[in-house]
Amino acid sequence: MSSKTAKPVMHSAAWRISLWATLAYACGTMLVFLSLHQFVENDIQRRSDAWLAGEVEVLGDVAARTPKDALYGTVVGEVAELASKEVPNKMRSESSANDSVFFLQVGSDGGTRLWAGRGRVEPYLAAIRKIVIIPDHPSDLQVEGLQIPFRVAALRMGDGSRIYLGLSERDQLRVLRNLNLRFFFVWALLVLLGFAIVFYTTKRMLSYVREISEAASRIGHSEMNARVPTNVRNDEVGHLARTLNGMLDRIENSMHQLHTITDALAHDLRSPLTAIRGKLEMSLSAATHGEQAEPIVSAIDELDRLTEFLNASLDVAEARADALRLSRSEIDLDELLRVMIDLYEPSMSEKGLQVRLHSGGDISIDADAALIHRMIANLFDNELKHLPASCTVTLHLESRDGVAVLSLEDDGPGFAPEVSASLFERRVKGKDSSGHGLGLAFVDAVVRAHGGTVTATNREARGARIELTLPLVPARVM
Amino acid sequence: MRVLLVEDEHDIQAFLRRSLEEAGYQVDIASDGKTAERLAVETTHDILIVDLGLPDQDGISLILKLRKIGIDAPVLILSARRSVDDRVRGLEQGGDDYLTKPFALAELLARLRNLLKRNSPQSNETTKIKVLDLELDLLRREAIRSGEPLQLTPQEFVLLEYLCRNAGRVVTRSMILEQVWGMRIQPDTNVVDVHIYRLRGKVDGKGQHPMIRTLRGVGYVLKDR
């Protein structure tokens, strides 16, 4: 379980959901900020345009009234200088020189009548000639050699000359840049905060979902009485958990009934069997002659076979209903196979059979020892009963993709065609078989109860092949 | 040795009483949990045989109840269930044993003996076993019959050791499978017989008095007389 929780957070559903939610959120807030920015920009523009229109009016008035003598330039220049002190959005400039405003009067002949501004007049003049400025509608003016454009308002005088008042957009841009920077920081903070909140809440909710699914996957494999955790909230996930638990209650109930039935059946059959066997044994010890003992001995043998058949059929029935009770412990399959081969080898060589094991070393499974022992013994019994002399049984044991793979191959006659389609069904056996037909059904039942698979095929060359997989002990799955 | 048999089936009661008495036990019988509690308190028993399916209560609850009131004699549990549930496993770890029905009498007796032996202090760990002219050195893993060393595989030695430890008593195939191979299985082939047959070929050589006897329908016995 720890290996599951250790998987990188980027692969979690919470991460994906948070990413998408944050993306949508970021786009939304970005749109809001953009429109806000647009609004502020327009407003600043409007204010400076209004200021320009007003000032150019005042300057035009002053220019018209001031006598055109030597003092004209000084007076109008002074007025322009004063106006520049009242520029909107004005930032404190390091230099006292007025570089944010210019005043230009151009005569009707196109010559400069008055220039109050920073630097030489020619570039400004050249730039103004290139554009048409309609009175009352200030326009942008890009002066060559200067990075920041001016906003310029124009006025036509009675004497045919024009006056231009220019306001540098520097301060306006600076305000906007400051605003942008602040917007960006607030936006980034909001997006991060949004991501964190969404990620935290979805992660919490999904970790609860994961708890439910982990609990649910444990149930049925080992502990039927376990339930998924429920929370106090009455939300969808809490509802899911409660629904799941209700379903488990019903499953456990019907499984319990099945156990009651099979246990009662087993009990009702076993008690008389025990009594019969006991009586047979008593009379066997009393029987002195071989002729008297013989029928008793064979009756005991038959009884034992009947018992084993009863056990296997009930196990198969329960396993088919997914209700086989497992009492799990760690089993080393390699060791188990060696013990089994040790047990079966004399009988096999007596019959002229050979057995070989190719094992990939220690392979441990978490399984019910009694059932696994009986299942493997079943496989060996099967080979022992059905193979003709001088055949070889080859076992391969390896671990592959988190499961133990055990295959049994022989070079005997293989499965009879009439049974090969339904090998794992109950009571299916070949024409000449002497068994009770439960062997492979039992193998299949046990393997499936442990979450494994079985396949039985005829080999291409000759003989039969049974391959079964069983999940490894979780800690070894790496 | 006094044994308390708690079993409700009369047929089983009857033959168990007879065979236990034949084996030299004094037998008290209870057909339900109530009687069992009364008898257990009245008399001290060396060992208890408890069937899990009693009419008035669950056998395990009875055992736990008896344990609570201070009765600590070992218990052999008889179960008609196929799978051993965890509570039985718990008791097994606590020193008790279980047997599923139907069982061989020899196995029942052997398990009773084991339980009694387990609860009496073990005097000294033997390193040599001698049965008639058969000698086993458990440390050197060597077996000698009439002065002649026997060529045994390690598994055959373990099998012979088990027979020797139970010399004179019947051992069944399932007992051999459990004790020698560590598995509670019931193969429907003659795997154990072949092992015994091979062992007999080595132990009971030509001209020697045969020691390993087959009791058909029951099991085997290593003769000590």
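Treat the numbers as computed from the prediction; the structure is a model and nothing was measured.

Participant: Can you walk me through the overall build of chain A in this structure?
Facilitator: Along chain A, the regular secondary structure elements total ten helices and twelve strands. Looking at chain A as a whole, 43% of its 478 residues qualify as buried. If you take every contact in chain A between residues at least 6 apart in sequence, the share linking residues at least 24 apart comes to 64%. Put simply, chain A shows about 25,900 Å² of open surface, and 58% of that area lies on carbon and sulfur atoms.

Participant: Any chance you could explain the overall build of chain B here in plain terms?
Facilitator: A tally of regular secondary structure across chain B gives eight helices and twelve strands. Sorting the 225 residues of chain B into buried and exposed places 51% on the buried side. Accessible surface, chain B as shown: approximately 10,700 Å² in total, 48% of it carbon and sulfur.

Participant: What is the right way to look at the pattern of salt bridges in this model?
Facilitator: Note that side chains of opposite charge can pair when their charged atoms are close. All names here are of chain A. This structure, assessed with the given rule, holds 39 salt bridges over all chains. Among the ionic pairs, Arg448 bridges to Asp444, the shortest N-O distance being 3.1 Å. In this pair, Arg448 and Asp444 both sit in helix α10 (residues 439-449), four residues apart, roughly one turn of the helix. Owing to a relative accessible area of 52%, Arg448 belongs among the exposed residues under this scheme. According to the relative accessible area criterion, Asp444 is buried, its value standing at 3%.

Participant: Would you mind going over the nonpolar core with me for this structure?
Facilitator: As a rule of thumb, nonpolar side chains are buried together in soluble globular proteins. Ile372(A), Met375(A), Ile376(A) and Ile176(B) are the most contacted members of the largest nonpolar core, which has 84 residues in total. Setting aside chain neighbours within four positions, we find Ile176(B) in contact with Leu159(B), Tyr162(B), Val171(B), Trp181(B), Val192(B), Ile196(B) and Tyr220(B).

Participant: I keep staring at the interface of chain B and chain A and nothing clicks. Help me out?
Facilitator: The figure often quoted for interface size is the accessible area lost as the parts come together. Taken together, the contacts link 41 residues of chain B with 44 residues of chain A. Inspection of the region where chain B meets chain A yields two salt bridges. Put simply, Arg198(B) and Glu350(A) hold a salt bridge, and the shortest N to O gap is 3.8 Å. Counting the contacts that link chain B with chain A gives eight residue pairs in polar contact (both at pLDDT 80 or more). Secondary-structure elements contributing two or more residues to the side of chain B that touches chain A are α1 (10-22), α4 (86-93), α5 (105-119) and α8 (191-203) of chain B. No other element matches the six residues that α1(B) contributes to the side of chain B that touches chain A. Taken together, the residues that form the side of chain B that touches chain A break down as 17 nonpolar, eleven polar and 13 charged.

Participant: Where do I start with a nonpolar patch on the surface in this structure?
Facilitator: On the surface, Tyr25(A), Val186(A) and Leu190(A) cluster together to form a nonpolar patch covering roughly 220 Å² of accessible area. Tracing the backbone shows Tyr25(A) in helix α2 (residues 13-65).

Participant: What exactly am I supposed to notice about the sheet that holds strand β10 (residues 403-410) of chain A here?
Facilitator: The pairing of strands in a sheet happens through backbone hydrogen bonds and is either parallel or antiparallel. All names here are of chain A. Spatial strand order, β7-β9-β10-β12-β11: five strands in an open sheet with mixed pairing. The sheet is open, and its two borders are formed by β7 (354-359) and β11 (453-458), each paired with just one other strand. For this sheet the average axis-to-axis angle between neighbouring strands, irrespective of direction, equals 15°. Here β11 runs beside strand β12 (residues 464-471); their pairing, made up of six bridges, is antiparallel. Counterpart to Thr455 in the pairing with β12 is Glu467. In the packing of helix α8 (residues 333-350) onto the sheet, the strands contacted are β7, β9 (392-400) and β10, and the crossing angle to β7 comes to about 170°.

Participant: How do you make sense of the pairing of strand β11 (residues 212-215) of chain B when you look at a structure like this?
Facilitator: Strand residues, when the strand is regular, have side chains that alternate between the two faces of the sheet. All names here are of chain B. Bridging between β11 and strand β12 (residues 219-222) involves four bridges; their strand directions are antiparallel. Residue pairing for β12: Ile212 is matched across the bridge by Leu222. Hairpin connection, β11 to β12: the antiparallel pair is bridged by three residues, and Gly217 has positive phi, about 80°.

Participant: Help me understand the packing of aromatic side chains in this model?
Facilitator: Within a pair of aromatic rings, the relevant descriptors are the distance that separates the centres and the angle that separates the planes. Summed over the entire model, instances satisfying the criterion amount to twelve aromatic pairs over all chains. Seen in terms of ring centroids, Trp15(A) and Phe199(A) are 5.8 Å apart; in terms of plane orientation they differ by 85°. Their pairing is edge-to-face. Pair noted here: Trp15(A) is in helix α2 and Phe199(A) is in helix α5 (residues 170-218), with a separation of 184 residues, a long-range link. Overall, the relative accessible area of 22% leaves Trp15(A) in the partly exposed class. Summarising the aromatic geometry, the rings of Trp115(A) and Tyr124(A) are spaced 4.8 Å apart at their centres and angled 45° between planes, so their arrangement reads as tilted. The exposure class of Trp115(A) is partly exposed, given its relative accessible area of 21%. Taken together, the ring pairs in this structure connect Phe102(A), Trp115(A), Tyr124(A) and Phe150(A) into an aromatic cluster. Between Arg184(B) and the ring centre of Tyr98(B), over which it is positioned, the NZ or CZ distance is 3.9 Å.

Participant: Quick question: what am I supposed to make of the packing of helix α9 (residues 369-386) of chain A against α10(A) here?
Facilitator: Helix-helix packing is characterised by the crossing angle of the two axes and by the distance between the axes. Residue and element names in this part refer to chain A. For the pair α9 and α10, interaxial distance at closest approach is 9 Å and the crossing angle is 150°. For α9 against α10, the interelement crossing comes out left-handed. Residues Leu371, Ile372, Arg374, Met375, Asn378, Leu379 and Asn382 of α9 pack against Gly439, Leu440, Phe442, Val443, Val446 and Val447 of α10. Taken together, the residues of the contact of α9 with α10 sort by class into nine nonpolar, three polar and one charged.

Participant: Is there a simple way to explain the side chain of Asp334(A) in this structure?
Facilitator: All names here are of chain A. Along the polypeptide, Asp334 turns up in helix α8. Look at Asp334 and you get buried, because its relative accessible area is 8%. Apart from the residues lying within four places of it in its own chain, the contact partners of Asp334 are Ser359, Gly361, Asp362, Ile363 and Leu397.

Participant: Looking at this structure, I do not really get the side chain of Thr394(A). What am I missing?
Facilitator: Along the chain, Thr394(A) falls in strand β9. If near-sequence neighbours (up to four positions away) are discounted, Thr394(A) is found in contact with Arg356(A), His358(A), Ser407(A), Leu408(A) and Glu409(A).

Participant: What is the right way to look at helix α2 (residues 33-42) of chain B in this model?
Facilitator: Think of an α-helix as turning once every 3.6 residues; residues three or four places apart then point the same way. Residues and elements named next belong to chain B. Restricting attention to buried positions, one finds in α2 the residues Gly33, Ala36, Leu39 and Ala40. Angular distribution of buried residues about the axis of α2 spans 125°; they occupy a single face of the element. Exposed positions of α2 whose direction lies more than 90 degrees from the buried face are Lys34, Val41 and Glu42. Tucked inside the fold, the buried residues of α2 contact β1 (2-6), β2 (26-30) and α3 (59-68). Capping the start of α2 is the job of one residue whose side-chain oxygen sits 3.3 Å from the backbone nitrogen of Lys34: Asp32.

How each quantity is defined
- Residues numbered from 1 in each chain as written.
- Chains lettered and ligands numbered in written order.
- Predicted model: local features only at pLDDT ≥ 70, side-chain atom pairs only at ≥ 80, totals over all residues.
- Heavy atoms only, no water.
- Helix = DSSP H or I, 4+ residues; strand = E, 2+ residues; numbered from the N terminus.
- Buried < 20%, exposed > 50% of the residue type's maximum accessible area, 1.4 Å probe, protein only.
- Contact = heavy atoms within 4.5 Å.
- Areas by Shrake-Rupley, 256 points an atom, 1.4 Å probe, with all protein chains shown as cover.
- Salt bridge = Lys/Arg side-chain N within 4 Å of Asp/Glu carboxyl O.
- Core = buried A, V, L, I, M, F, W, Y, C linked by side-chain atoms within 4.5 Å.
- Polar contact = N/O pair within 3.5 Å; in protein donor to acceptor, adjacent residues only side chain to side chain.
- Nonpolar A, V, L, I, M, F, W, Y, C, P; charged D, E, K, R; others polar.
- Patch = residues over 30% accessible without salt bridge, like charges linked within 9 Å, V, L, I, M, F, W, Y side chains within 5 Å.
- Pairing = 2+ DSSP bridges.
- Axes fitted to C-alpha atoms, helices over the stretch in contact; angles between N-to-C directions.
- Phe/Tyr/Trp six-rings, centres within 6.5 Å; stacked < 30°, edge-to-face > 60°.
- Lys NZ or Arg CZ within 6 Å of the ring centre and 35° of its normal.
- Left-handed = near helix turned anticlockwise from the far one by under 90°.
- Arc of directions from axis to C-beta.

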